[in-house]
Amino acid sequence: MEAHALVARLMERELQFPFMALLISGGHNLLILAQGLGQYIQLGTSIDDAIGEAYDKTAKWLGLDMRRSGGPAIEELAREGDAESIKFSIPMKQHKDCNFSYAGLKTQVRLAIESRNINAEIPISCASSQDRRSRADIAASFQRVAVLHLEERCERAIEWALKIEPSIKHLVVSGGVASNQYVRARLDQVVKKNSLQLVCPPPSLCTDNGVMVAWTGIEHFRVGRFDPPPPAVESEDFVYDLRPRWPLGEEYAEGRSEARSLRKARIHPSLTSIIQASLQQQH
Ligand code: KG4
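Residues numbered from 1 in each chain as written. Predicted model: local features only at pLDDT ≥ 70, side-chain atom pairs only at ≥ 80, totals over all residues. Heavy atoms only, no water.

Caption draft 1: The nonpolar core, seen in detail. Formed by 56 residues in total, the largest nonpolar core has its most connected members in Met-20, Leu-22, Ile-24, Leu-31, Leu-43, Phe-142 and Val-173. At 14 residues, the largest contribution of residues to this core is made by helix α6 (residues 129–164). Here Phe-142 is in contact with Ala-54, Tyr-55, Thr-58, Ile-74, Phe-88, Leu-105 and Val-109, once residues within four sequence places are set aside. Within the second largest apolar cluster, 18 residues are counted, among which are Leu-6, Leu-30, Tyr-40 and Ile-275. (Core = buried A, V, L, I, M, F, W, Y, C linked by side-chain atoms within 4.5 Å. Buried < 20%, exposed > 50% of the residue type's maximum accessible area, 1.4 Å probe, protein only. Helix = DSSP H or I, 4+ residues; strand = E, 2+ residues; numbered from the N terminus. Contact = heavy atoms within 4.5 Å.)

Caption draft 2: Spotlight on the sheet that holds strand β4 (residues 170–174). Spatially, 6 strands are ordered β5-β4-β1-β2-β3-β6 in an open sheet, and the strand pairing comes out mixed. At either end of the open sheet lies a strand with only one pairing partner, and these are β5 (197–199) and β6 (250–251). As paired elements, strand β1 (residues 19–24) and strand β2 (residues 29–36) share 6 bridges and run antiparallel to each other. Looking across to β2, one finds that Met-20 is bridged to Leu-33. Lying on the sheet, helix α7 (residues 181–193) is in contact with β1, β4 and β5; it crosses β5 at an angle near 150°. (Pairing = 2+ DSSP bridges. Axes fitted to C-alpha atoms, helices over the stretch in contact; angles between N-to-C directions.)

Caption draft 3: Highlighting helix α11 (residues 271–282). In this model α11 runs 17 Å from its N-terminal to its C-terminal C-alpha over 12 residues, within 8% of the 16 Å that 1.5 Å per residue would give. Inspection of α11 places Leu-271, Thr-272 and Ile-275 among the buried residues, and these make up the whole buried set. One side of α11 holds all its buried residues, which, seen down the axis, span an arc of 95°. Pointing more than 90 degrees away from the buried face of α11 are the exposed residues Gln-280 and Gln-281. Buried positions along α11 lie against α1 (2–6), β3 (39–45) and α9 (209–222). (Expected span 1.5 Å × (residues − 1). Arc of directions from axis to C-beta.)

Caption draft 4: Region of the structure containing the pattern of salt bridges. This structure, assessed with the given rule, holds 19 salt bridges. Note that Glu-53 and Lys-106 form a salt bridge whose closest N and O atoms lie 2.7 Å from each other. Here Glu-53, found in helix α3 (residues 51–61), pairs with Lys-106, found in helix α5 (residues 103–115); they are 53 residues apart in sequence, far enough to count as distant. Of the charged contacts, one joins Glu-80 and Arg-132 as a salt bridge, the two residues approaching to 2.8 Å between their closest N and O atoms. Here Glu-80 is found in the loop between α4 (70–78) and α5, whereas its partner Arg-132 is found in helix α6, with 52 residues between them in sequence. Given the relative accessible area of 37%, Glu-80 is considered partly exposed. Under the relative-accessibility criterion, Arg-132 is labelled partly exposed at 31%. Taken together, the shared-partner salt bridges in this structure form one network comprising Asp-49, Glu-53, Lys-57 and Lys-106. (Salt bridge = Lys/Arg side-chain N within 4 Å of Asp/Glu carboxyl O.)

Caption draft 5: Broad picture of the environment of Gln-143. Along the polypeptide, Gln-143 turns up in helix α6. For Gln-143, a relative accessible area of 5% translates into the label buried. Residues Gln-143 and Val-183 lie 40 residues apart in sequence; the distance between their C-alpha atoms is 8.7 Å. Setting aside chain neighbours within four positions, we find Gln-143 in contact with Tyr-55, Glu-75, Ala-78, Asn-180 and Tyr-182.

Pasting the structure below:
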């Protein structure tokens, strides 16, 4: 997730800290304030499904061609539909924080599909024009609300971030879903309203984890943050410390969600706190 945020600096050399980043992919939604390299404050995160997962499931249930993943298929079909035709409710309206939830919207979409007797077994290419229209309306209505949720969270996150770092100029939007033109256009409006600038890495970089991670390695290497290489011959009982889930930064106090903290008790310290501890040791 750090690499998703930093890759923007590979193409936009002018992008200086502090900046904000919205990371939207198949597995994560994350809003962070990047104060420096390795210094992140988490403003919001997903409490259940990520937006990309919601795009993928909606596409599958609508019988779309999943060869390029569900997101691009929904984006394309949504252009034919009426985004106002189905009134899905915006997730977490009553929670005045920056966390994300897409599980409920997924259920709303599934129920809408079932009530219209859409058969996912019939691929969209074989659907009657009325059936196609009905699927397009669902795709467009889903996309509108899925992105409205992003817009609301970004609005609030910008407010919070400007309180912490008034000099912020940029919001980076990265991750697979950031290649969506509708998402970009809507977020561009939110950002402009707050006199900020949107930075979107090109789709080729948004999806190439190899490039992203390599670039993040270079960023840390340049400031002298690296471990010595492993021994050429490792002893057989050498143990790696694997941490499958660990936060990027500490949670912003105002955004702390009770429900989430209870569910996902933090076992591991954040990347930011590890880097800070090692910096203190050096001094
Ligand atoms: O960041 P990413 O490549 O990797 C993982 O999360 O593993 O994101 C993949 C996600 C998928 O859910 C895919 O449907 C979504 O990004 N995605 C899109 C678009 N292109 C990819 N979602 C909406 N619109 C798109 N154009």
